[in-house]
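# Structural characterization, general
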Number of protein chains: 2
Amino acid sequence: MTRLLVVGGSDAGIAAALRAREVDPDGDVTVLVADAYPNHSICGLPFFLSGETPDWRDLAHRTRADIEEHGVRLLLDHRAERIDPDRRQVEVSAPGGRTVTLGYDQLVVGTGAVPVRPPLPGIDLPGVHVLHTMDDSFAVAALLARRPRSAVIIGAGYIGTEMADALTHRGVDVTLVEQLPAVLPTVDPELGAEVAAELTRHGVEVAAATTVERIEAEAGRLRVEGSGGFTAAADLVLVAVGVRPDTALARTAGAELGVRGAVRVDRAMRTSVDGVYAAGDCAETWHRLLEQPAYLPLGTTAHKQGRAAGENAAGGARTFAGSLGTQVVKVFDLAAARTGLRDHEARAAGFDPLTTGTTVDDHKAYYPGATRLRIRVTGDRRSGRLLGAQILGAASAQVAKRIDVYAAALAAGLSVDDVTDLDLSYTPPFSAPWDPVQAAATDWTRSLGERGVLPATVPA
Amino acid sequence: MTRLLVVGGSDAGIAAALRAREVDPDGDVTVLVADAYPNHSICGLPFFLSGETPDWRDLAHRTRADIEEHGVRLLLDHRAERIDPDRRQVEVSAPGGRTVTLGYDQLVVGTGAVPVRPPLPGIDLPGVHVLHTMDDSFAVAALLARRPRSAVIIGAGYIGTEMADALTHRGVDVTLVEQLPAVLPTVDPELGAEVAAELTRHGVEVAAATTVERIEAEAGRLRVEGSGGFTAAADLVLVAVGVRPDTALARTAGAELGVRGAVRVDRAMRTSVDGVYAAGDCAETWHRLLEQPAYLPLGTTAHKQGRAAGENAAGGARTFAGSLGTQVVKVFDLAAARTGLRDHEARAAGFDPLTTGTTVDDHKAYYPGATRLRIRVTGDRRSGRLLGAQILGAASAQVAKRIDVYAAALAAGLSVDDVTDLDLSYTPPFSAPWDPVQAAATDWTRSLGERGVLPATVPA
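Residue numbers restart at each chain and count upward from 1, following the sequence in its written direction. Chain A is the first chain written and ligand 1 is the first ligand written, with later ones labelled in order. Since the coordinates come from a predicted model, pLDDT governs what is reported: local features require at least 70, and pairs of side-chain atoms require 80 or more to be given and counted, while whole-chain, interface and lining totals use all residues.

## Comments concerning the pairing of strand β6 (residues 99-103) of chain B
Residue and element names in this part refer to chain B.
- Any residue surrounded by 20 or more other C-beta atoms within 10 Å of its C-beta is treated as buried, while 12 or fewer makes it exposed and the intermediate range makes it partly exposed; C-beta atoms here are placed from the backbone. Helix and strand definitions here come from DSSP, where helices need a minimum of 4 consecutive H or I residues and strands a minimum of 2 consecutive E residues; each element is numbered from the N-terminal end. Burial within β6 is sparse, with just zero of its five residues counted as buried.
- Between any two strands, at least two bridges found by DSSP are needed for them to pair. In this structure, strand β5 (residues 89-93) lies alongside β6, joined through five bridges in antiparallel fashion. Looking across to β6, one finds that E91 is bridged to T101.
- What sits between the antiparallel neighbours β5 and β6 is a turn of five residues, in which G96 has the positive phi angle 80°.

Written out as structure tokens, the structure reads:
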């Protein structure tokens, strides 16, 4: 009977454990959970803090009982400290100050990521928070219970923009500071500008192209100061400038690190250490289009990597198919999504990209409620291959699943022109005879033709 | 300079004409439009009649001016009567009783379909209507202006269910009669039952498994009688039992007919007659999965076929990629969608299908507004290949674009298991880390494993 030990009770770890039990129903599977909250949705924290999800317990993808019912042993508040790969043992800090040593046949490391805390003066002051764990979330919730007037959020990525929405929902005045010129820097600035406008429309003060330089305590509150004379008072400062892989444990085993310091893994999710797998935000991600490792810490990817790691650790043979960096975020009434490569990413990867923009109704304008989608398509001029897409539109306009049509096309290696050949569904309340994703693809092909590189008529 | 003549001013014809002008900006392109309404959206008629689209002019995909601006000559109220393929001439009934003869170098026939009028006693009575053209629509609109109390709709397909919604919207009591045991027979009865429940919930009387036998005039109204003692009084009877290809014109040229009597075409949309193309509802449709001709009269397909025909007629070389029968309909607050093959269709085509059902939230339940999706996945037991999918859910639950993810997967020839490998977007308001389309695919694979045909672990 194989003893599988999993470190990490979030998406990757729990997915690995459950999949291992599914593949080998007799396997002995133990998960070490560093806190008391196995399988809670980190992506759900903004909605708990906004009040839209009143009970934090609802954030659990699966309850403890549900996981245990599948024959997985959960050890809560157990922190893995060191791996001895030769003896196949892990040294664990257990509750009550105890240290225990657990043996394994196969080990899956799913230690996740840690939020980046920039070395700013004042970063450790009370009232300055990151948001990555349930405990972080409880700390912010406790502060919100004291009815703060205003908050400064540093970083306008996914978490930053979602939290600007969430705190506004709670009646807090929000200032959102972003170092780069546009908010949501994971999409093109043209789309980021619309997200900024949506934030502003809902009362968020947006300070782009602003670098925070220090945080100071002042009269029981906080003062945030930055470049260009930026200054804002706040009762709460949220730091959301990204994450880095938590590789401390994997390094004790001597595991090699790769892209952006994440644990190097092959496509079976094996690390360089025999018997040790890694999955989720601590590990590299195979990029399906680049066909090389990248670092793309996303919940969707963590689940898939964890599933592959668990399957392989239990004796299966599953290859992680790879990520395309597909993402979507809801900010107030807007959705912004992307998949694949943006223009500069494609160029850096050796493609000869062309990116075109299209503005098009989400459904036939004669049916009530049509809204405008902004779509950006990136393709390779030489081959005509689809490389990526971005969509911005109303939260009600099927933005998330429209980006997924591109994601499926990317996974299949389709050309931009092939997208126009897809047989997509149509009824006037939901689309047009050529869906917006196809209208944007047609614009790309037409634009390429005009630039004289590929003919407008691409033989199918 | 090529003279291209297009017969038919609906989706296929206009798409052909515009594409021909795009490919050959010097080409001479004329479209014969049998009525005065070029490029009006037939799919939009229910929304005009419901009152949601108050002005019928808004139903035009493109205005006459817009089409003409692209250099396309439109001849309205010109009906093509006969093709002389040897002389490359078409005899045309023009306004004022004139007959004119037009020459062509290339001809595209886009004559569409005609609604089936079953040979029922009373089918020609005043107050009994079909709904396929603008003139049909105006006739029904005139009748609705007289504030009818009740209507009987014969046929619970797409048009029938949409019109049940539309007439209810107008305050008319609707009885919907369907010969088959379930409404919306294009999806599995399990889903049809939910559509029936939605109709009933909104006050529509649903009579399934009922064959209409006669329509009689009675005291200034109509009486519809059918099997099982069915009887209903009505001020309006709408017959929506399907369409058949309008091949009268193509036959005058000696064009061969194919599946279900539609004009036989190759994948370049060429008929058997030299210089004559056909596209849209009058023609066969290449089925992308079956890899043989089918008859699938849909607006989306008509546009794509028309585009290919126009491109080829203008000297290009485009292959029509084919249809998967992807469709979606909105009925009150529900959306029902399908793509590819259903179980019995797959079996008839020589596959060894397995179809599984999954009920799953459209997004994380902890975020407000989650609703249940019912998804049915059909795959081939032998190869694991995805063959088709059906989704039923709330109109707000991205049903249309979720079916399109399956449609893209089908076009790429993916296996059901490959669907779980797709990198789809996730944020709690819109999805789950495994999107519902993937949860349903996982259920299929698991079910197959349990049945012992393929292993639960399908190597990627």
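There's plenty left to go through after this.
## Re the domain arrangement of chain A
Residue and element names in this part refer to chain A.
- For the domains described, the bounds stem from an automatic or database domain assignment. In terms of domain boundaries, chain A breaks down into domain 1 (3-113 + 244-313), domain 2 (128-239) and domain 3 (333-450).
- Centre-to-centre separation of domain 1 and domain 2, based on C-alpha positions: 30 Å.
- Two residues qualify as a contact pair if the distance between their C-beta atoms, derived from the backbone, is within 7 Å. Listed by partner, the interface residues are eleven residues for domain 1 and 15 residues for domain 2.
- For this classification, the nonpolar set comprises Ala, Val, Leu, Ile, Met, Phe, Trp, Tyr, Cys and Pro, the charged set comprises Asp, Glu, Lys and Arg, and every other residue, Gly included, is treated as polar. Broken down by class, the residue content of the side of domain 1 that touches domain 2 amounts to seven nonpolar, three polar and one charged.

## Topic: the relation of the copies chain B and chain A
- Our superposition of the copies is a least-squares fit, built on the C-alpha atoms of residues whose pLDDT is at least 70 in both. After a rotation of 180° and a shift along the axis of 0.0 Å, chain B superposes on chain A with an RMSD of 0.0 Å. The transformation relating the two chain copies, once decomposed into turn and shift, fits a two-fold axis.
- Taken as a fraction of all interface residues of chain B, those also at the interface in chain A reach 98%, which identifies the copy contact as same-surface.

## Describing the packing of helix α1 (residues 11-23) of chain B against helix α8 (residues 299-313) of chain B
Residues and elements named next belong to chain B.
- Orientation is described by lines fitted to C-alpha atoms, with helices fitted over the stretch in contact, and by angles between N-to-C directions that extend from 0 to 180 degrees. Taken N-terminus to C-terminus, the directions of α1 and α8 make an angle of 35°; their axes are 7 Å apart at the nearest point. Between α1 and α8 lies a crossing of right-handed hand. Of the residues in α8, those in contact with D11, A12, G13, A15, A16, A17, L18, R19, A20 and V23 of α1 are G299, A302, H303, Q305, G306, R307, A309, G310, E311 and A313.
- Its residues placed into classes, the contact of α1 with α8 shows ten nonpolar, six polar and four charged. Crossing chirality is assigned from the near helix's rotation relative to the far helix, an anticlockwise turn below a right angle marking it left-handed and a clockwise turn marking it right-handed.

## Some remarks on the interface of chain B and chain A
- Chain B puts 65 residues into the contact, and the matching count from chain A is 64 residues.
- The element best represented in the side of chain B that touches chain A is helix α10 (residues 399-411) of chain B, accounting for ten residues.
- Split by residue class, the side of chain B that touches chain A holds 34 nonpolar, 17 polar and 14 charged.

## Overview of the pairing of strand β10 (residues 150-154) of chain B
Residue and element names in this part refer to chain B.
- By the criterion of burial, β10 is predominantly enclosed, with four of the five residues buried.
- When the strands point away from the viewer, a crossover counts as right-handed if the path from the first strand over the helix to the second runs clockwise. Since β10 and strand β11 (residues 173-177) lie parallel, the crossover through helix α5 (residues 158-169) that links them has a hand, and here it is right-handed.
- Here β10 pairs with strand β16 (residues 236-239) via four bridges, running parallel. Considered in β16, the bridge of A151 is made with L236.

## Things to note about the nonpolar core
- Residues of type Ala, Val, Leu, Ile, Met, Phe, Trp, Tyr and Cys that are buried and joined through C-beta atoms within 7 Å form what is called a nonpolar core. If you look at the biggest cluster of nonpolar residues, it comprises 307 residues, and the most contacted ones within it are A336(A) and A336(B).
- Apart from residues lying up to four places away in sequence, A336(A) is in contact with L184(A), V187(A), L191(A), V195(A), V328(A), V329(A), V331(A) and L392(A).

## Observations concerning the sheet that holds strand β13 (residues 212-218) of chain A
Residues and elements named next belong to chain A.
- The strand order across the open sheet formed by three strands is β13-β14-β15, and the pairing between neighbours is antiparallel. Bordering the open sheet on either side are β13 and β15 (231-234), each of which pairs with just one other strand. Adjacent strand axes in the sheet meet at a mean angle of 20° when their direction is disregarded.

## Some words on unusual backbone geometry
- A positive phi is found at F332(A), a non-glycine position, where the angle reads about 50°.
- Mapped onto the fold, F332(A) is located in the loop between β21 (327-331) and β22 (334-340).
- A count of 19 C-beta atoms within 10 Å places F332(A) in the partly exposed class.
- Here the phi dihedral of R260(B) falls at roughly 50°; this positive angle occurs in a residue that is not glycine.
- Examined against the element boundaries, R260(B) turns out to sit in the loop between α7 (248-252) and β18 (276-278).

## Section: the sheet that holds strand β2 (residues 28-32) of chain A
All names here are of chain A.
- Here five strands make up an open sheet; going across it, the order is β3-β2-β1-β7-β18 and the pairing parallel. Edge positions in the sheet fall to β3 (72-75) and β18 (276-278), since each has one partner strand and no second. The sheet shows a mean angle of 20° between the axes of neighbouring strands, direction not considered.
- The pairing of strand β1 (residues 3-7) with β2 spans five bridges and is classified as parallel. Looking at the pairing, L4 lines up with V29 of β2.
- This element, helix α8 (residues 299-313), spans β1, β7 (106-109) and β18 of the sheet and lies at about 175° to β7.

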